[in-house]
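Secondary and tertiary structure notes
As a plain string of letters, each chain reads:
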Amino acid sequence: MTQLGLPDTIQACLFDLDGVVTKTAVVHAAAWKETFDAFLREYDGERGRPFDAADYDEYVDGRPRADGVRAFLASRGIDLPEGDPGDPPDARTVHGLGNRKNDLLLEKIRTGGVEVYEGTVRYLEAVRAAGLRTAIVSSSANCRDVLRSVDAEHFFDVRIDGVVAAERNLPGKPRPDTFLAAARDLGVEPSGAAVFEDALAGMDAGRAGGFGYVVGVDRVGQTDALYAHGADTVVRDLAQLGDEK
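To start, this report covers the structure provided alongside it. (Residues numbered from 1 in each chain as written. Predicted model: local features only at pLDDT ≥ 70, side-chain atom pairs only at ≥ 80, totals over all residues. Heavy atoms only, no water.)

1. Observations regarding the packing of aromatic side chains
For the structure on display, the rule yields 11 aromatic pairs. For the pair Phe-15 and Phe-156, a centre-to-centre distance of 6.1 Å together with 65° between the ring planes defines the contact as edge-to-face. With Phe-15 in strand β1 (residues 12–15) and Phe-156 in the loop between α6 (143–149) and β3 (158–160), this residue pair connects regions lying 141 residues apart in the sequence. Of the two residues examined, Phe-15 and Phe-156, each falls in the buried class. Members of the aromatic cluster, joined through ring pairs, are Phe-15, Tyr-123, Phe-155, Phe-156 and Phe-196. (Phe/Tyr/Trp six-rings, centres within 6.5 Å; stacked < 30°, edge-to-face > 60°. Helix = DSSP H or I, 4+ residues; strand = E, 2+ residues; numbered from the N terminus. Buried < 20%, exposed > 50% of the residue type's maximum accessible area, 1.4 Å probe, protein only.)

In structure tokens form, the structure reads like this:
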């Protein structure tokens with residue numbers, strides 16, 4: 001293992017955004033809960049049960065927005081029309097619900113701001129100093145704006161986010177395609193790249209893509225689940241890796 005806590009074969013590091021670089025995962029979770037709870041009020045019994053943390057981890061965390069809506073609604077036996085990506089946030093469609101969530105997310109970010117994880121910033125600085133290539137890989141269409149808001153865009157050679165994925169028709173996590181695209185853009189084989197993720201869907205993507213090392217970042221007490229979904233190691237903060245231990 002290197003001083004960065006990675007195998008010697010690793011040439012590039014692929015980082016998720018929310019929950020790994022920025023403290024926005026909790027904001028996403030709150031926006032999803034507000035969106036789904038309002039929608040579920042018209043349903044009875046199990047289908048109308050409020051959205052909870054387990055639902056977030058299992059169905060929406062790390063996934064593209066519309067995929068998260070589909071997965072969660074399917075878990076409750078609810079079927080909605082797809083609609084159109086431009087649907088208004090009050091539309092009873094998959095995209096309408098997703099757009100409602102995004103409006104709430106942006107409002108929460110505007111009012112509460114965005115913070116970075118300082119341990120991740122120190123780790124990124126060490127990774128860059130060691131000459132490893134870096135990419136940000138996020139399902140968020142707001143990735144670039146969030147990075148700019150915390151002055152972190154310069155840490156990454158490549159950005160594969162919701163906007164780029166849509167342009168390239170890349171399926172999102174738990175499929176590995178966005179991570180594979182980042183490795184390809186950086187000029188490294190998957191076996192030479194490490195994935196850093198806090199979402200179970202991200203762990204699945206790292207395992208499915210055959211990446212050289214998968215680091216689970218446990219911010220919410222799901223260490224066992226991260227290992228079960230394919231993590232090679234799990235830390236509470238990237239400052240625990242390598243020299244920062």
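Read on, since the account is not over.
2. Concerning the sheet that holds strand β4 (residues 193–197)
Taken together, six strands build an open sheet; the order of strands is β3-β2-β1-β4-β5-β6 and the sheet is parallel. Only two strands of the sheet have a single neighbouring strand rather than two, namely β3 and β6 (233–235). Strand-to-strand twist in this sheet, taken as the mean axis angle between neighbours without regard to direction, amounts to 20°. Sheet analysis places β4 next to strand β5 (residues 213–217), joined by four bridges and oriented parallel. Residue Ala-194 lies in a different strand from β5, and its bridge partner there is Tyr-213. (Pairing = 2+ DSSP bridges. Axes fitted to C-alpha atoms, helices over the stretch in contact; angles between N-to-C directions.)

3. Description of the packing of helix α1 (residues 25–40) against helix α3 (residues 65–75)
Two elements in contact, α1 and α3, have axes separated by 13 Å at closest approach and are oriented at 45°. By the angle between their directions, the pair α1 and α3 is classed as oblique. The two elements α1 and α3 cross, and the hand of that crossing is right-handed. In this structure, α1 contributes Trp-32, Phe-36, Phe-39 and Leu-40 to the contact, and α3 contributes Arg-65, Val-69, Phe-72 and Leu-73. Residue composition of the contact of α1 with α3, by class: seven nonpolar, no polar and one charged. (Parallel < 35°, antiparallel > 145°, perpendicular 65-115°, else oblique. Left-handed = near helix turned anticlockwise from the far one by under 90°. Contact = heavy atoms within 4.5 Å. Nonpolar A, V, L, I, M, F, W, Y, C, P; charged D, E, K, R; others polar.)

4. Some thoughts on the state of the cysteines
The full count for this structure, using the stated rule, is zero disulfides. Between Cys-13, a free cysteine, and Cys-143, which holds the nearest cysteine sulfur, the sulfur-to-sulfur gap is 16 Å. Relative accessible area serves as the criterion here: at 0%, Cys-13 is assigned to the buried category. (Disulfide = S-S within 2.5 Å.)

5. Digging into unusual backbone geometry
Between Lys-173 and the following residue, Pro-174, the backbone shows a cis peptide bond with an omega angle of 15°. Relative to the helices and strands, Pro-174 resides in the loop between α7 (162–168) and α8 (177–186). A positive phi angle, close to 55°, is found at Asp-151, a residue other than glycine. Looking at the secondary structure, you find Asp-151 in the loop between α6 and β3. In this structure, Asn-169 takes a positive phi of about 55° despite not being glycine. As for its placement among the helices and strands, Asn-169 is situated in the loop between α7 and α8.

6. Observations regarding the side chain of Asp-16
Within the secondary structure, Asp-16 is located in the loop between β1 and α1. For Asp-16, a relative accessible area of 5% translates into the label buried. At 3.1 Å, the side chain of Asp-16 and the side chain of Lys-173 are in polar contact. Setting aside its immediate chain neighbours within four residues, Asp-16 contacts Val-21, Ile-136, Val-137, Ser-138, Lys-173, Phe-196, Glu-197 and Asp-198. (Polar contact = N/O pair within 3.5 Å; in protein donor to acceptor, adjacent residues only side chain to side chain.)

7. Quick notes on the pairing of β4
Most of β4 is tucked away: five of the five residues are buried. The alternating pattern of β4 places Ala-193, Val-195 and Glu-197 and Ala-194 and Phe-196 on opposite faces, both of which are buried. For β1 and β4, the ladder comprises four bridges, and the chain directions are parallel. When the sheet's bridge partners are listed, Leu-14 is paired in β4 with Val-195. For the crossover that starts at β4, traverses helix α9 (residues 200–208) and ends in the parallel β5, the hand is right-handed. (Right-handed = clockwise from strand over helix to strand, strands pointing away.)

8. Here's the deal with the environment of Ala-53
One can find Ala-53 in helix α2 (residues 53–60). Residues Ala-53 and Lys-33, spaced 20 residues apart in sequence, show a C-alpha to C-alpha distance of 8.7 Å.

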